[in-house]
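Commentary on secondary and tertiary structure
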Amino acid sequence: MNYIRDFIDTYPLLVNISWFFIFFVILYGVRRFILNRLYKGLKDSGHWYVARKVARWVNNFILFIVFISIFGRNLSGFTTAIGLAGAGVTYALREVIVSIAGWFAILFGDFFETGDRVLLGGIKGDVVDIGILRTTLMELGEWVDGDQYTGRIVRVANSYIFSSPVYNYNADFEFLWDEIMIPLRFESDMRLAKTILLELAEEQTGQYNTEAAIAWEKMKRRYKLENASLENQVYLSFNDNWVEVSLRYVVDYRERRGVKDQLFSEILRRFEQEGERIEIASETIEIISGGSTKVN
């Protein structure tokens, strides 16, 4: 026993480090044990992600308390130095501090949450993790057309929520207005074309109209919004080459490209059935080669 006391008195810092390491191992084991027991019940729901994050925060908080309790007396001598260096550290870590402030704003400011599709800092993607300093996105777009994944994971600093707009595709309204434009020859039957487009839009997107109307009414309770038409609409305009027929419709933000593909496929099929009554226009360029002129 005397040997142990002498060792503790001779090497107090080493003993404190040993105690802290023991607490760390115990907390890690307890956290893993609890999460393993919860995994079967939470793996198929969104609560598993929240449980992991909460467990990590609680673990880190307890470790911080244990660290202060064990090493608190040895840290008292650094108070003056920390005070003098505070201004310099604050300036050097200003981006980190702003990112931490952004993290608090994201958690309590209703900007977005995990699973939302956002455009943040010029990067479009689905939010897969919200960290203290950075938000992790599964990237969409770039070289891939349509709202589909590229496979890249992008980490965007939380400070961007203060310096750039934050676009949320599904915060309160999980639908988008989308449009497709079809060029038709002037000789085409425009009334028939409009009728066909509205019929096809109703077949492909009609199921979204009722849900979108309910969601829009909820939006009006929260924001000052005008009444918006959620019905499918067709608009005509023309230029020197053809008549532009635009179909506007409401679609779930996750199914935008798939619905557009189905619409184009059905439109082509129906227009082909109508033959010469509806003809899709295309730009034709005629190149005329002029002969040389001789002057005597």
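Residues numbered from 1 in each chain as written. Predicted model: local features only at pLDDT ≥ 70, side-chain atom pairs only at ≥ 80, totals over all residues. Heavy atoms only, no water.

1. Here we look at the overall build of the protein chain
How we decide: Strands here mean DSSP runs of E at least two residues long; helices mean DSSP runs of H or I at least four residues long; both are numbered from the N terminus. Throughout, exposure labels follow a simple rule: accessible area from a 1.4 Å probe, protein chains only, divided by the maximum for the residue type, with under 20% read as buried, over 50% as exposed, and the rest as partly exposed. Contacts are assigned to residue pairs with any non-hydrogen atoms lying within 4.5 Å of each other. For every accessible area listed, the method is Shrake-Rupley and the probe measures 1.4 Å; residues are considered covered only by the protein chains on display.
Regarding its fold elements, the protein chain presents eight helices and eight strands. The proportion of buried residues among the 296 residues of the protein chain is 31%. Expressed as a percentage of contacts within the protein chain between residues at least 6 apart in sequence, the contacts between residues at least 24 apart total 62%. When the accessible surface of the protein chain is split by element, carbon and sulfur atoms take 57% of a total near 20,400 Å².

2. Quick look at the sheet that holds strand E3 (residues 134-140)
Definition in use: Strand pairing requires that DSSP identify at least two bridges connecting the strands. Working convention: axes come from line fits to C-alpha atoms, limited for helices to the stretch in contact. Angles between N-to-C directions cover 0 to 180 degrees.
Overall, antiparallel pairing links the five strands, which are arranged E4-E3-E2-E1-E5 in an open sheet. Two strands in the sheet have a free side with no partner beyond their single neighbour: strand E4 (149-157) and strand E5 (166-168). Between one strand axis and the next, the sheet turns by 40° as a mean value, whatever way the strands run. Pairing of strand E1 (residues 117-120) with E5 involves three bridges; the strand directions are antiparallel. Opposite Leu-119, over in E5, you have Tyr-167 as the bridge partner.

3. Comments concerning the pattern of salt bridges
Keep this limit in mind: Any carboxyl oxygen of Asp or Glu that lies within 4 Å of a side-chain nitrogen of Lys or Arg is treated as forming a salt bridge with it.
Enumeration according to the criterion identifies 18 salt bridges in this entry. Its salt-bridge partner being Lys-260, residue Asp-178 comes within 3.5 Å of it at the nearest N-O pair. Of the two residues, Asp-178 sits in strand E6 (residues 175-184) while Lys-260 sits in helix H8 (residues 256-274), which places them 82 residues apart along the sequence. With relative accessibility at 24%, the residue Lys-260 sits in the partly exposed group. Across the pair Arg-277 and Asp-189 runs a salt bridge whose closest N-O atoms are separated by 3.0 Å. With Arg-277 in the segment after H8 and Asp-189 in the loop between E6 and helix H7 (190-222), this residue pair connects regions lying 88 residues apart in the sequence. Taken together, the shared-partner salt bridges connect Lys-124, Asp-147, Asp-178, Arg-256 and Lys-260 into one network.

4. Describing the packing of aromatic side chains
Using the following cut-off: To pair, rings of Phe, Tyr and Trp, with the six-membered ring standing in for Trp, must have centres within 6.5 Å; the planes then decide the type, stacked if under 30 degrees apart, edge-to-face if over 60, and tilted in the middle.
For the structure shown, the criterion picks out eight aromatic pairs. Three or more aromatic residues joined by ring pairs form one cluster here, namely Phe-173, Phe-175, Trp-177, Tyr-208 and Trp-216.

5. Structural notes on H7
What counts, and what does not: For a helix, the expected span equals 1.5 Å multiplied by the residue count minus one. We define the bend at any residue as the angle between the axes fitted to the seven residues before and including it, ending there, and the seven starting there. Here a polar contact is recorded for every N or O atom pair within 3.5 Å, except that within protein the pair must consist of a potential hydrogen donor and a potential acceptor, and residues adjacent in sequence are included only if both atoms are side-chain atoms.
With 33 residues, H7 ought to run about 48 Å at 1.5 Å a step, yet its terminal C-alpha atoms sit only 40 Å apart, falling short of that. The largest bend along H7 measures about 70° and falls at Thr-205. Regarding H7, its N-cap is Asp-189, as a side-chain oxygen of that residue lies 3.3 Å from the backbone nitrogen of Arg-191 further along.

6. Overview of the environment of Ser-229
Among the secondary structure elements, Ser-229 is positioned in the loop between H7 and strand E7 (233-238). C-alpha of Ser-229 to C-alpha of Ala-213: the two residues are 16 residues apart in sequence and 9.1 Å apart in space. In this structure the side chain of Ser-229 is engaged in a polar contact, spanning 3.3 Å, whose partner is the side chain of Gln-233.

7. Description of the environment of Trp-103
Relative to the helices and strands, Trp-103 is located in helix H5 (residues 94-108). In this structure, the C-alpha to C-alpha distance between Trp-103 and Leu-133, residues 30 residues apart in sequence, is 6.7 Å.

8. Focus: the sheet that holds strand E8 (residues 243-252)
Pairing is antiparallel across the open sheet formed by three strands, whose spatial order is E6-E8-E7. What marks the edges here is a single partner per strand, and that holds for E6 and E7. In this sheet, neighbouring strand axes are inclined to one another by 25° on average, regardless of whether the strands run parallel or antiparallel. Of the strands in this sheet, E6, E7 and E8 are in contact with H7, which crosses E8 at around 25°. Where H8 meets the sheet, its contacts fall on E6 and E8, and the angle it forms with E6 comes to roughly 30°.

9. Some remarks on the nonpolar core
For soluble globular proteins, the rule of thumb is that nonpolar side chains tend to be buried together. For clarity, the threshold we go by: Residue types Ala, Val, Leu, Ile, Met, Phe, Trp, Tyr and Cys, when buried and joined through side-chain atoms within 4.5 Å, form a set referred to as a nonpolar core.
In terms of nonpolar packing, the biggest core is built from 30 residues, with Phe-173, Leu-184, Leu-197, Leu-247 and Phe-271 touching the most fellow members. When contributions to this core are tallied by element, the ones reaching two or more residues are E6, H7, E8 and H8. Per-element tally for this core: the top contributor is H7, with twelve residues. The residues touching Leu-197, leaving out its near neighbours within four places in the chain, are Ile-182, Val-234, Val-245, Leu-247, Ile-267 and Phe-271. Counting 13 residues, the second largest nonpolar core, distinct from the first, contains Val-118, Leu-120, Val-127 and Ile-130.

10. Concerning the layout of surface pockets
Let me state the cut-off plainly: Of the two site types, the cavity is a set of points on a 1 Å grid over the protein atoms alone where a 1.4 Å probe fits but cannot get out, and the pocket is an open set with protein on both sides within 12 Å along at least five of seven lines, each lined by residues with an atom within 4 Å of a point. Grid points are joined across faces, edges and corners, and a volume is the space filled by probe spheres set on the points. The residue classification treats Ala, Val, Leu, Ile, Met, Phe, Trp, Tyr, Cys and Pro as nonpolar and Asp, Glu, Lys and Arg as charged. All others, Gly included, are polar.
Quantified by volume, the largest pocket comes out at close to 400 Å³. With five residues, the top contributor of residues to the lining of the largest pocket is helix H3 (residues 47-75). Here the residues of the lining of the largest pocket sort into eleven nonpolar, three polar and seven charged.

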